[in-house]
Amino acid sequence: MLQTALHFSHTLLKEIIQPGDLVIDATMGNGFDTLFLAELVGKTGKVYSFDIQEQALLTTRKKLVESGLDTRVKLFLQGHETIGEILNLDVPVKAAIFNLGYLPKSDKSIITLPNTTKRALDEILLRLTPRGRLLIVAYYGHDGGMDELSMVRNYCESLPQEQFNVLNYQFINQKNQPPILFCIERKKKSE
Ligand code: SAM
């Protein structure tokens, strides 16, 4: 059976992340992606995870401690748009994931927003290694969701093909606005 956008985002991450890598979960939420990334980077790697809601940090920290993976992860109670203040420009980022929208079963008015998402995408692409991948899972059924989806689509479509491969994965016959996946991969200089 075809993978959901969320499942396929993990497949695309798993293909490239290796022990020792530094990766980013730009929207920590309940910590499912952070946990998944922490397993992939191994003991020598690091996951930097961001969210603006304290509840997200508490839930994620609990999951990590229970799995014995907490030492591999740095949790930040601040927006992903501040990534540039935390990581120097020469720090290589192998992969990153965004799950756009609101935290399920939580305050639906706290959502990711086009301007801050764009700033975070810019900061991550500056640091993305060759063959590194940036995944965006866009939920757009909520108020404001279509604006953000359109920003992400325009952003992805305008990336130069000499430098990036950009993939769009979506089911086009499903009801209830299933999430849409975008994957940006930096090419190697020789490609
Ligand atoms: N990946 C998460 C998981 O595994 O549970 C789900 C993420 S949820 C769809 C989106 C999250 O983005 C929410 O928890 C929300 O608080 C967070 N968020 C909103 N604006 C943000 C920002 N500027 N920086 C970082 N996180 C933000």
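Here the structure is a predicted model, which is why all the values come from computation and not from measurement.

### Examining the layout of surface pockets
- Put simply, the largest pocket is a space of about 680 Å³.
- Surrounding the largest pocket, 33 residues form its lining, Thr27, Asn99, Gly101, Tyr102 and Leu103 being those nearest its centre.
- Those elements that place two or more of their residues in the lining of the largest pocket are helix H1 (5-14), helix H2 (32-41) and strand E2 (46-51).

### Some thoughts on unusual backbone geometry
- A positive phi angle, close to 70°, is found at Arg131, a residue other than glycine.
- Within the fold, Arg131 resides in strand E5 (residues 128-138).
- A relative accessible area of 36% places Arg131 in the partly exposed class.
- Its identity is not glycine, yet Asn176 carries a phi of approximately 65°, on the positive side.
- Here Asn176 shows up in the loop between strand E6 (164-169) and strand E7 (180-186).
- When its relative accessible area of 74% is taken as the criterion, Asn176 is described as exposed.

### Observations concerning the packing of aromatic side chains
- Following the criterion strictly, the structure yields four aromatic pairs and no others.
- A centroid spacing of 4.4 Å and a plane angle of 35° characterise the contact between Phe8 and Tyr169, whose relative ring orientation is tilted. Pair noted here: Phe8 is in helix H1 and Tyr169 is in strand E6, with a separation of 161 residues, a long-range link.
- Relative to Phe171, the ring of Tyr169 has its centre 5.9 Å away and its plane inclined at 80°; by these criteria the two rings are edge-to-face.
- Here Tyr169 falls in the buried class, since its relative accessible area comes to 18%.
- Ring pairs connect the aromatic residues Phe8, Tyr169 and Phe171, which therefore count as one cluster.
- Over the ring of Phe32 we find Lys63; its NZ or CZ atom is 4.2 Å from the centre of that ring.

### Points about the sheet that holds strand E3 (residues 73-77)
- The seven strands lie next to each other as E3-E2-E1-E4-E5-E7-E6, forming an open sheet whose pairing is mixed. For this open sheet the edge positions go to E3 and E6, each flanked by a neighbour on one side alone. Adjacent strand axes in the sheet meet at a mean angle of 10° when their direction is disregarded.
- The sheet contact formed by strand E1 (residues 22-25) and strand E4 (residues 93-99) spans three bridges and is parallel. Each bridged residue has a counterpart across the sheet, and for Ile24 the counterpart in E4 is Ala96.
- Against the sheet, H1 touches E4, E5, E6 and E7, its axis set at about 170° to E5.
- Contacting E2 and E3, helix H3 (residues 54-67) crosses the sheet at an angle of about 165° to E3.

The rules behind these values
Every chain's residues receive numbers from 1 upward, in the order its sequence appears when written. Residues qualify for local features only when their pLDDT is at least 70, as the model is predicted, and side-chain atom pairs are given and counted only at 80 or more; totals for whole chains, interfaces and linings, by contrast, use all residues. Water and hydrogen atoms play no part in the side-chain values, which are based on all heavy atoms of the structure. Only protein atoms enter the 1 Å grid used here, on which a cavity is any set of points holding a 1.4 Å probe that cannot leave and a pocket is any open set flanked by protein within 12 Å on both sides along at least five of seven lines; residues with an atom within 4 Å of a point are listed as lining. Grid points are joined across faces, edges and corners, and a volume is the space filled by probe spheres set on the points. A run of H or I in DSSP counts as a helix once it spans at least four residues, and a run of E counts as a strand once it spans at least two, with each numbered from the N terminus. Note on classification: 1.4 Å probe, protein chains only; a residue is buried when its accessible area is under 20% of the maximum for its type, exposed when over 50%, partly exposed between these limits. Stacked, tilted and edge-to-face are the three classes assigned to paired rings of Phe, Tyr and Trp, where Trp is represented by its six-membered ring and a pair needs centres within 6.5 Å; plane angles under 30 degrees give stacked, over 60 edge-to-face, the rest tilted. Consider the ring centre and the ring normal. A charge sits over the ring if Lys NZ or Arg CZ is within 6 Å of that centre and within 35 degrees of that normal. Being paired, for any two strands, means DSSP has found at least two bridges between them. For helices, the axis comes from a line fit to the C-alpha atoms of the stretch in contact; other axes are also lines fit to C-alpha atoms, and the angle between any two N-to-C directions lies between 0 and 180 degrees. Any two residues having at least one pair of non-hydrogen atoms within 4.5 Å are treated as being in contact.

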